[in-house]
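# Residue-level structural notes
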Amino acid sequence: MKVTIEILTETGKGQFKYACLPDEIKLDAVHHKYVKRVNIDFPDFAKPPTKTSLQDFSSAWPRYLAFPSAIILYIDMRGLLYQLFDENNSAKSERFYWISQRIKTAMPKLQEVTLNDIGIERMRGKWPYDTNVIMKSAPTLESLVFDDQTLKNMESLVFDDMRKPVVYPKLQKLELYSLNNATFDVKLQVDKSVVLFPALRFLRWHTLYIFEDDALFRGNEDTLEYLDIQIDLDFVHALRRHEVFSNGRHSRLYYVAVGVLSNSNKVTLSRDVFMMFAVDLIAPNTKYLFLGGYYLFNDNIRVVSASPYFGNLQILNLANAQFTLHELLELVKLLPNMTKLRCAPRDIDTKLDTPQFSEFINKLYSEFYPLSHCFRYWIAPLDLHYQHDYLAPCALVFAILCPNFVLATTPPAFRNEYGRKIQDAIDCGLYVDHIDKIQRLLRIMG
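Below is a short write-up of the structure. Just so we're clear, the structure is a prediction, and the values are computed from it rather than from any experiment. (Residues numbered from 1 in each chain as written. Predicted model: local features only at pLDDT ≥ 70, side-chain atom pairs only at ≥ 80, totals over all residues. Heavy atoms only, no water.)

### Overview of the overall build of the chain
Along the chain, the regular secondary structure elements total 13 helices and 15 strands. Considering the chain as a whole, with its 446 residues, one finds that 53% of them fall into the buried category. By sequence separation, contacts in the chain at least 24 residues apart represent 78% of the contacts at least 6 residues apart. Looking at the chain as shown, the accessible area adds up to about 19,700 Å², and 50% of this sits on carbon and sulfur atoms. (Helix = DSSP H or I, 4+ residues; strand = E, 2+ residues; numbered from the N terminus. Buried < 20%, exposed > 50% of the residue type's maximum accessible area, 1.4 Å probe, protein only. Contact = heavy atoms within 4.5 Å. Areas by Shrake-Rupley, 256 points an atom, 1.4 Å probe, with all protein chains shown as cover.)

### Quick look at unusual backbone geometry
Here the bond from Tyr369 into Pro370 is cis, since omega is -10°, no more than 30 degrees from zero. Relative to the assigned elements, Pro370 resides in the loop between helix H10 (355–368) and strand E14 (377–379). Although it is not a glycine, Arg163 adopts a positive phi angle of roughly 65°. In this fold, Arg163 is placed in the loop between helix H5 (155–158) and strand E7 (173–177). Of note, the phi angle at Asp347 is positive, near 55°, even though the residue is not glycine. Mapping Asp347 onto the fold places it in the loop between strand E13 (340–345) and H10.

### Some points on the pairing of strand E9 (residues 226–231)
For E9, the buried fraction is high: 5 of the 6 residues fall into the buried class. As paired strands, strand E8 (residues 202–206) and E9 are joined by 4 bridges and run parallel to one another. Bridge pairing in E9 links Arg204 to Asp228. Relative to strand E10 (residues 255–260), E9 runs parallel, the two being bridged by 6 bridges. Looking across to E10, one finds that Ile229 is bridged to Val258. At this point the chain moves from E9, through helix H6 (residues 233–241), to the parallel E10, and the crossover so formed is right-handed. (Pairing = 2+ DSSP bridges. Right-handed = clockwise from strand over helix to strand, strands pointing away.)

### Observations regarding helix H13 (residues 435–443)
All of the buried residues along H13 are Lys437, Ile438 and Leu441. Angularly, the buried residues of H13 cover 100° about the axis, an arc narrow enough to put them on a single face. With respect to the buried face of H13, the exposed residues turned more than 90 degrees away are Asp436 and Arg443. Summarising the contacts, the buried residues of H13 are in contact with helix H11 (391–401) and helix H12 (415–427). (Arc of directions from axis to C-beta.)

### Examining the packing of aromatic side chains
Enumeration according to the criterion identifies 16 aromatic pairs in this entry. Taken together, a centroid distance of 6.4 Å and an interplanar angle of 40° make the contact between Trp205 and Phe211 tilted. Residue class for Phe211 comes out buried when judged on its relative accessible area of 3%. Between Tyr209 and Phe235, the aromatic rings sit 4.7 Å apart at their centres with planes inclined by 25°, giving stacked as the arrangement. A residue pair is termed long-range when its members are at least 10 positions apart, and Tyr209 in the loop between E8 and E9 and Phe235 in helix H6 qualify at 26 residues. The two residues Tyr209 and Phe235 agree in class, both being buried. Looking at Arg163, its charged tip hangs above the ring of Phe159, at a distance of 4.1 Å from the centre. (Phe/Tyr/Trp six-rings, centres within 6.5 Å; stacked < 30°, edge-to-face > 60°. Lys NZ or Arg CZ within 6 Å of the ring centre and 35° of its normal.)

### Some words on the pattern of salt bridges
Applying the stated criterion across every chain yields a total of 15 salt bridges. Here Lys173 makes a salt bridge to Glu175, at a shortest N to O gap of 3.3 Å. Lys173 sits in the partly exposed class, given a relative accessible area of 30%. Note that Arg240 and Asp280 form a salt bridge whose closest N and O atoms lie 3.0 Å from each other. Here the residue Arg240 occupies a position in helix H6, and Asp280 occupies one in helix H7 (residues 271–281), the gap between them amounting to 40 residues. The exposure class of Asp280 is partly exposed, given its relative accessible area of 28%. (Salt bridge = Lys/Arg side-chain N within 4 Å of Asp/Glu carboxyl O.)

Below is the structure:
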């Protein structure tokens, strides 16, 4: 079995490939003290390692792979884990235990840890040691990315062997992922006096909510700025029961992305509940909002616009939403600070080079201009489930009604058609008063 070690030092970057046996390792131990980042990859699925080679590799940590200055550790487990288990999940797991036990000794200053692809289904959850390095590094960790496909290891992130909560006092970035069909039957309860993540600023949670209460969000009301979550009904109920986001409690949130967790084991989350929960998430400082997981229409967005902070948004990403032209104009009016919008158009006249459409534009101009001084970018989704004939008319209207509008980004497959329609509008001679604005759509066409 070969292992790839990629190290990033203060002066440069180097990559070394070597076998497990210590006498084949060619790293110069003198320079270990300068290493800041260590990437470890176990890529060989086909050749299972011998017990001796794994023992030798694990014993190499303190002797050959001691990086006293390393602050970042990334381990891609996919090649290794398949090789460490037999059909009965036997004590082969002990072999990785030797490695994980030594990591903290070899890298005492770790601030960022990424463990990729933990908990493959074949293991049936019998993998108790892969979180050891995380728990031992908890006092110094600032960033943690954890891909636990079956969620069997999540409890060991929260409680140690003595059932005492594990606190991460310096953790600023937390990302957790799992398979869509993962289960977590008994929710974790953490004493109210314990704050697990007091310094958390960045949270991406794409898995089931594993807590009975507000433990994930407790004590970081004044630090959390970036929130990207996929939710189900249990998630919503837990957070609402404890009023986690009520009255703008997490007032520093500037980025909010919320989607629906696809999990066949859970009760479906209705669109109405999803939208009402989204209202709770918008904080006084929220500038970016992404809503995904449902096809959304104007009535749904009106629910979200009830938030007192909706008008503060600068970027609105509605990848699965469709609006008529008048609905789009009303939406832009509701968001005077918005610079970028992502959504799809629907039910719009597609004949730009006719007197009727020109008269329609003049009417809109007299009614709405200037629609917005901030709105500059409109992004059409790559999704093919809407009529792409609507793109050019919509972009034309935005360019004429918004003084600083500069770019409509269209799917590559329809870019030529879009450009041709805009050129036809320029050539027809019906929009002389707005020709500079329309030509701008072609000069920087996305």
